[in-house]
Amino acid sequence: MALENGKIYDQRDYDSGTLGESDLPASPRALFESWLSEAFDHGLRDPNAMVISTVDDRGIPSSRVVLARGADERGIVFYTNYESRKGREIAQNPRVSLLFHWRELDRVVRIEGRAARVSEEESDAYFDSRHPLSRIGSTASPQSSVITKDELAARITALTAGVESGEIELTRPAHWGGYLVVPDEVEFWQGRPSRLHDRFRYRRDAGSWRIDRLAP
Ligand SMILES: Cc1cc2nc3c(=O)[nH]c(=O)nc-3n(C[C@H](O)[C@H](O)[C@H](O)COP(=O)(O)O)c2cc1C
Ligand SMILES: Cc1ncc(COP(=O)(O)O)c(CN)c1O
C-alpha cells in the first residue's frame with residue numbers, strides 16, 4: 001500500500017523513450033497522429049480518451065474525460081451533450097484545454113485551443129454510427145442535470161418503447177453533437193529518467209508553428 005499516514009509513496013522513473021529535436025515535424029499533427037497510433041498499437045485501453053477542461057463565466061475550471069472521435073488537419077473532434085456543463089461552459093467561453101496521458105508510454109500531449117460545433121451533417125453521421133443503446137442513452141439523458149434513478153429509468157423506458165413501436169425514430173437530438181477543438185498550442189511530453197523529461201511546445205506563429213523546448 002503506497003498510502004501511509006496521508007502520504008503517497010511511489011517514485012517510478014520514466015524510461016520508455018526519448019523525444020529530440022530531430023523527431024519533430026514542422027506541424028504537431030503528424031507527431032500527434034503517430035503517438036496516437038502507437039498508443040493504439042500498444043493495446044492501451046481507451047487510447048483516444050482525453051481530459052477536457054473548460055471554464056465557466058467566473059473563471060472556475062472543470063475537467064472530465066471524453067473520447068476523441070476525430071483527428072485531422074482541422075484539429076480534434078469529440079461528441080457530447082451541448083446542454084451539459086461542458087457544453088454550457090463552451091458556449092460562454094470556447095477556450096478549452098485537452099490532455100492525453102498514455103502512462104504506459106510515459107507520454108502526455110496537452111493541447112490548448114478553441115472549441116466550436118462541427119456541422120450538423122458531421123454530427124448526424126457520427127450519431128448514426130453509434131451503438132443503438134448509446135444513441136438511446138444520449139437522447140434520453142439530460143447530461144449534467146440533477147436526476148433521480150427512477151426518472152432516468154422512466155425516460156429510457158419510454159424512449160425504448162417508442163423506438164421499438166416505430167413511433168420514434170432514433171435520429172440525432174438537437175442537444176447532442178460534436179465539437180472541433182482547433183489547437184493554438186500543443187505540447188509533447190516524453191518522460192525521462194530523473195524527472196529530466198523531454199518537452200516540446202508548438203505555438204501558432206504567423207501561419208506556421210514555432211517550436212520551443214521547455215524545461216522539465
Ligand atoms: C473513458 C471515458 C470516456 C467518456 N467519453 C465521453 C464522451 O465521449 N462524451 C461525453 O459526453 N462523455 C463522456 N464520458 C463521460 C464524461 O467523463 C462526463 O461524465 C460527462 O461528459 C459529463 O460531463 P460534464 O457534466 O462536465 O459536462 C466519458 C467518460 C469516460 C471515463
Ligand atoms: C456519457 C457518455 N457519452 C458519450 C460517450 C461516447 O460514446 P461513443 O463511444 O458512442 O462515442 C461516452 C463513452 N464512455 C459516455 O460515457
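Quick note: structure is the one above.
Residues numbered from 1 in each chain as written. Chains lettered and ligands numbered in written order. Predicted model: local features only at pLDDT ≥ 70, side-chain atom pairs only at ≥ 80, totals over all residues. Heavy atoms only, no water.

**Student:** Could you clarify how one ought to interpret the site of ligand 2 in this entry?
**Tutor:** Every residue lining ligand 2 is accounted for by L67, R69, Y126, R130 and Q143. Between ligand 2 and Y126, the relevant distance is 2.4 Å, taken from an oxygen atom to a side-chain nitrogen or oxygen of the residue. A distance of 2.7 Å separates an oxygen atom of ligand 2 from a polar atom in the side chain of R130. For ligand 2, the protein covers 52% of the area, taking 400 Å² as the surface of the free molecule. With respect to the detected pockets, ligand 2 is housed in the largest pocket. (Near = heavy atom within 4 Å. Polar contact = N/O pair within 3.5 Å; in protein donor to acceptor, adjacent residues only side chain to side chain. Areas by Shrake-Rupley, 256 points an atom, 1.4 Å probe, with all protein chains shown as cover. 1 Å grid on protein atoms, 1.4 Å probe; cavity = no way out; pocket = protein on both sides within 12 Å on 5 of 7 lines; lining within 4 Å. Sits in = over half its atoms within 2 Å of the grid points.)

**Student:** Whenever I open this one, helix 3 (residues 120-129) confuses me. Can you help?
**Tutor:** Because the α-helix completes a turn every 3.6 residues, residues three or four places apart line up on one side. Within the span of helix 3, buried status applies to S123, Y126 and F127. Along the axis of helix 3, the buried positions cluster into a sector of 100 degrees, meaning they face one direction only. Of the residues in helix 3, the exposed ones pointing more than 90 degrees away from the buried face are E121, A125 and S129. Tucked into the core, helix 3 has its buried residues touching strand 4 (61-71), strand 5 (76-81), helix 4 (132-140) and strand 8 (176-190). (Buried < 20%, exposed > 50% of the residue type's maximum accessible area, 1.4 Å probe, protein only. Helix = DSSP H or I, 4+ residues; strand = E, 2+ residues; numbered from the N terminus. Arc of directions from axis to C-beta. Contact = heavy atoms within 4.5 Å.)

**Student:** Is there a simple way to think about the pattern of salt bridges in this case?
**Tutor:** Where side chains of opposite charge bring their charged atoms close, a pairing between them can arise. The full count for this structure, using the stated rule, is 19 salt bridges. Across the salt bridge formed by R172 and D124, the nearest N and O atoms sit 2.6 Å from each other. With R172 in the loop between helix 5 (149-164) and strand 8 and D124 in helix 3, this pair connects stretches of sequence that are 48 residues apart. Between R203 and D212 there is a salt bridge, and its shortest N-O distance comes to 3.8 Å. Residues participating in the shared-partner salt-bridge network are E21, R192, D198 and R213. (Salt bridge = Lys/Arg side-chain N within 4 Å of Asp/Glu carboxyl O.)

**Student:** Please explain the site of ligand 1 as it appears in this structure.
**Tutor:** As a structural note, the neighbourhood of ligand 1 is formed by D46, R64, V65, V66, L67, Y79, T80, S84, R85, K86, Q143 and S144. A distance of 2.7 Å is found between an oxygen atom of ligand 1 and a side-chain nitrogen or oxygen belonging to R64. For the shell around ligand 1, the secondary-structure elements that each account for two or more residues are strand 4, strand 5 and helix 2 (85-92). The greatest single-element share of the shell around ligand 1, amounting to four residues, is contributed by strand 4. Residue composition of the shell around ligand 1, by class: four nonpolar, four polar and four charged. (Nonpolar A, V, L, I, M, F, W, Y, C, P; charged D, E, K, R; others polar.)

**Student:** I keep staring at the packing of helix 4 against helix 5 and nothing clicks. Help me out?
**Tutor:** In helix packing, the relevant descriptors are the interaxial angle and the interaxial distance, both defined with respect to the helix axes. In the contact formed by helix 4 and helix 5, the axes pass within 9 Å of each other and the chain directions differ by 125 degrees. One way to sum up the angle between helix 4 and helix 5 is to call them oblique. Handedness of the crossing formed by helix 4 with helix 5: right-handed. Of helix 5, the residues touching helix 4 (which contributes I136, G137, T139 and A140) are R155, I156, L159 and T160. Classifying every residue of the contact of helix 4 with helix 5 by side-chain character gives four nonpolar, three polar and one charged. (Axes fitted to C-alpha atoms, helices over the stretch in contact; angles between N-to-C directions. Parallel < 35°, antiparallel > 145°, perpendicular 65-115°, else oblique. Left-handed = near helix turned anticlockwise from the far one by under 90°.)

**Student:** Sorry if this is basic, but what is going on with helix 5 here?
**Tutor:** Across its 16 residues, helix 5 extends 22 Å between first and last C-alpha, which sits within 8% of the 22 Å expected from 1.5 Å per residue. Two residues or fewer after helix 5 comes G166, characterised by a positive phi angle close to 85 degrees. (Expected span 1.5 Å × (residues − 1).)

**Student:** Looking at this model, I keep getting lost on the environment of L152. Mind explaining?
**Tutor:** Relative to the helices and strands, L152 is located in helix 5. In this structure L152 comes out as partly exposed when scored by relative accessible area, which is 33%. A C-alpha to C-alpha distance of 21 Å links L152 and G166, two positions 14 residues apart in sequence.

**Student:** It is not clear to me how the nonpolar core should be interpreted in this structure. Could you clarify?
**Tutor:** Across soluble globular proteins, nonpolar side chains show a tendency to be buried alongside one another. Grouped together as the largest cluster of nonpolar side chains are 31 residues, with contacts concentrated most on W102, V109 and F188. Of all the secondary-structure elements, those providing two or more residues to this core are helix 1 (28-41), strand 3 (49-55), strand 4, strand 5, strand 6 (95-102), strand 7 (107-117), strand 8 and strand 9 (198-205). No other element matches helix 1, which puts five residues into this core. If near-sequence neighbours (up to four positions away) are discounted, V109 is found in contact with F32, W35, L98, L99, F100, W102, V186, E187 and F188. Of all hydrophobic cores here, the second largest spans seven residues; its members include V77, V118, Y126 and W176. (Core = buried A, V, L, I, M, F, W, Y, C linked by side-chain atoms within 4.5 Å.)

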